[in-house]
Amino acid sequence: MQPFVESDSTLDEVLTEEERLSYKLYVAQLEDYIRYTKWHKGFLCCINRMEGPQTDLPLYAGCLFTKSRSDREFYRDFLKGVPLQIEQVVELLRLGLKEGWTPPKVSL
């Protein structure tokens, strides 16, 4: 399998030891996710009571700054992307339904 991220020696110069460890763990997590996704289709159950666009999007929006013009433009662009994200979640749920991977009713 090709590495998710090519090695970048400049990271060693700008990151602390703790940040490098965090970065390496994050990359390993992404590589595992990519490697095992073909067998584990949990990504098709992309919504429940505690996760999904109904909780994630307001959480993210609450963390965005709106003080400067560029902040507000970024916030506007974020909001413009909401319909696409919801559409993608619906597509994943439909695919999951087709493949027999659906969230448990109790979790919704």
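Scroll up to find the structure this text is about.
**Overview of the packing of aromatic side chains**
No. 1: Counted by the stated rule, this structure contains one aromatic pair.
No. 2: Centroid distance Y75 to F78: 6.4 Å. Interplanar angle 35°. Geometry classified as tilted. Taken together, the residues span about one helical turn, with Y75 and F78 both in helix α4 (residues 69-99) at a distance of three residues.
No. 3: Among the residues examined, Y75 registers a relative accessible area of 26% and is labelled partly exposed.

**As for the environment of K67**
No. 1: Structurally, K67 is set in the loop between α3 (53-63) and α4.
No. 2: Separated by 20 residues in sequence, K67 and I47 place their C-alpha atoms 32 Å apart.

**What to know about the pattern of salt bridges**
No. 1: The full count for this structure, using the stated rule, is four salt bridges.
No. 2: The partner of E99 in a salt bridge is K41, with the nearest N and O atoms 3.2 Å apart. Of this pair, E99 sits in helix α4 while K41 sits in the loop between α2 (17-36) and α3, and the two are 58 residues apart along the sequence.
No. 3: A salt bridge links D77 to R76; the shortest N-O distance between them is 3.1 Å.
No. 4: Look at D77 and you get partly exposed, because its relative accessible area is 41%.

What counts as what
Residues numbered from 1 in each chain as written. Predicted model: local features only at pLDDT ≥ 70, side-chain atom pairs only at ≥ 80, totals over all residues. Heavy atoms only, no water. Phe/Tyr/Trp six-rings, centres within 6.5 Å; stacked < 30°, edge-to-face > 60°. Helix = DSSP H or I, 4+ residues; strand = E, 2+ residues; numbered from the N terminus. Buried < 20%, exposed > 50% of the residue type's maximum accessible area, 1.4 Å probe, protein only. Salt bridge = Lys/Arg side-chain N within 4 Å of Asp/Glu carboxyl O.

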